[in-house]
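# Structural overview
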Amino acid sequence: DAKTTQPPSMDCAEGRAANLPCNHSTISGNEYVYWYRQIHSQGPQYIIHGLKNNETNEMASLIITEDRKSSTLILPHATLRDTAVYYCIVSRYSSASKIIFGSGTRLSIRP
Amino acid sequence: GAVVSQHPSRVICKSGTSVKIECRSLDFQATTMFWYRQFPKKSLMLMATSNEGSKATYEQGVEKDKFLINHASLTLSTLTVTSAHPEDSSFYICSARDQSSSGEEQYFGPGTRLTVT
């Protein structure tokens, strides 16, 4: 599975958009980009995923570059409850495909 | 979304004893489940892949005789930490994908915090 690179930490003002970048330059054609987050002492929570098109759901938007070598997760109106570690992961779609976590980005939302 | 539960949520045991952690998919079936371990301020580390009806596949460096995995049904996988020692104290998390749905997300349990005294 391809490796991802994320900044170790970021901060954002409450109410503003939080843009979290991720590089995955070795992604292969059948690998999806997934984003999860982990709030302290809880299991990871699924946020969004995509293959090559931009995606949006009730939680976030995912922008994937045309060459698929990088992506950005956008939380449109960050709240204090969005403070968490955000993980960008690339993985093939299969019930048996492993999800390998990198070090993630620790996002702090300031009031 | 689908739900994965873990039991117990936290457990304290004495050094040398064994502890069993259960992982259940509550509203879907999963032929494959995954077990992770997380130390404080660290990322999740994949320990093993649990396969229903067959042997688990362990990641490099994970002792299969110490971390026994059993996946006896399509909704239950168990992790037993045998002869636990204080260094086994950690946050253990399981996950699973719904094999029947068209969704591609993997669901994680809430985790089990193990403390070995």
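See the structure above.
Residues numbered from 1 in each chain as written. Chains lettered and ligands numbered in written order. Predicted model: local features only at pLDDT ≥ 70, side-chain atom pairs only at ≥ 80, totals over all residues. Heavy atoms only, no water.

## A closer look at the sheet that holds strand β1 (residues 4-7) of chain B
Residue and element names in this part refer to chain B. Spatially, the four strands line up as an open sheet ordered β1-β3-β8-β7, and their pairing is antiparallel. Either end of the sheet is taken by a strand with one partner, and the two such strands are β1 and β7 (67-73). The average angle at which neighbouring strand axes cross in this sheet is 20 degrees, direction not considered. Relative to strand β8 (residues 76-81), β7 is paired through five bridges, and the arrangement is antiparallel. (Pairing = 2+ DSSP bridges. Helix = DSSP H or I, 4+ residues; strand = E, 2+ residues; numbered from the N terminus. Axes fitted to C-alpha atoms, helices over the stretch in contact; angles between N-to-C directions.)

## Re the state of the cysteines
This model, assessed by the stated rule, comprises two disulfides over all chains. Here A:C22 connects covalently by a disulfide to A:C88, the sulfurs 2.1 Å from one another. Residues A:C22 and A:C88 are joined through a disulfide that is left-handed, its torsion about the S-S bond being -80 degrees. Here the residue A:C22 occupies a position in strand β2 (residues 18-23), and A:C88 occupies one in strand β8 (residues 84-92), the gap between them amounting to 66 residues. Residue A:C22 shares its accessibility class with A:C88, and that shared class is buried. The disulfide bridge from B:C23 ends at B:C94, spanning 2.0 Å between sulfur atoms. Taking the sign of the S-S torsion, 85 degrees for the link of B:C23 and B:C94, the bridge is right-handed. (Disulfide = S-S within 2.5 Å. Buried < 20%, exposed > 50% of the residue type's maximum accessible area, 1.4 Å probe, protein only.)

## Focus: the interface of chain A and chain B
The parts lose accessible area when they come together, and the size of an interface is often stated as this lost area. On the chain B side, the residues contacting the 24 residues of chain A number 25 residues. For the pair chain A and chain B, the summed buried area comes to about 1800 Å², and 53% of that belongs to carbon and sulfur atoms. Counting the contacts that link chain A with chain B gives one salt bridge. Inspection of the region where chain A meets chain B yields six residue pairs in polar contact (both at pLDDT 80 or more). At four residues, strand β3 (residues 31-38) of chain A tops the list of elements feeding residues into the side of chain A that touches chain B. Tallied by class, the residues present in the side of chain A that touches chain B amount to eleven nonpolar, eleven polar and two charged. (Contact = heavy atoms within 4.5 Å. Buried area = accessible area lost by both parts, 1.4 Å probe. Salt bridge = Lys/Arg side-chain N within 4 Å of Asp/Glu carboxyl O. Polar contact = N/O pair within 3.5 Å; in protein donor to acceptor, adjacent residues only side chain to side chain. Nonpolar A, V, L, I, M, F, W, Y, C, P; charged D, E, K, R; others polar.)

## Some remarks on the sheet that holds β3(A)
Residues and elements named next belong to chain A. As summarised here, the arrangement of the five strands in space is β1-β9-β8-β3-β4, forming an open sheet in which the pairing is mixed. Both edges of this open sheet fall to β1 (9-13) and β4 (45-50), since each of them pairs with a single strand only. The average angle at which neighbouring strand axes cross in this sheet is 25 degrees, direction not considered.

## Some thoughts on unusual backbone geometry
B:H7 connects to B:P8 through a cis peptide bond whose omega is 0 degrees. Tracing the backbone shows B:P8 in the loop between β1 and β2 (10-13). Positioned with a positive phi, A:S41 is a non-glycine residue whose angle comes to about 65 degrees. Secondary-structure assignment places A:S41 in the loop between β3 and β4. In this structure A:S41 comes out as partly exposed when scored by relative accessible area, which is 38%. A positive phi angle is found at A:R68, which is not glycine, with a value near 65 degrees. Of note, A:R68 is situated in the loop between β6 (61-64) and β7 (70-75).

## A short note on the pairing of β1(B)
All names here are of chain B. Taking every second residue as pointing to the same face, the buried face of β1 carries V4 and Q6, while none of S5 and H7 on the other face is buried. By the bridge criterion, four bridges tie β1 to strand β3 (residues 19-25) in an arrangement that is antiparallel. Within β3, the residue paired with V4 across the bridge is S25.

## Quick word on the environment of A:C12
Residue and element names in this part refer to chain A. Mapped onto the secondary structure, C12 falls in strand β1. The exposure class assigned to C12 is buried, which follows from its relative accessible area of 8%. Along the primary structure C12 and A78 are separated by 66 residues, whereas in three dimensions their C-alpha atoms are 7.5 Å apart. In this structure, C12 is in contact with A17, A18, A78, L107, S108, I109 and R110, ignoring residues within four places of it in sequence.

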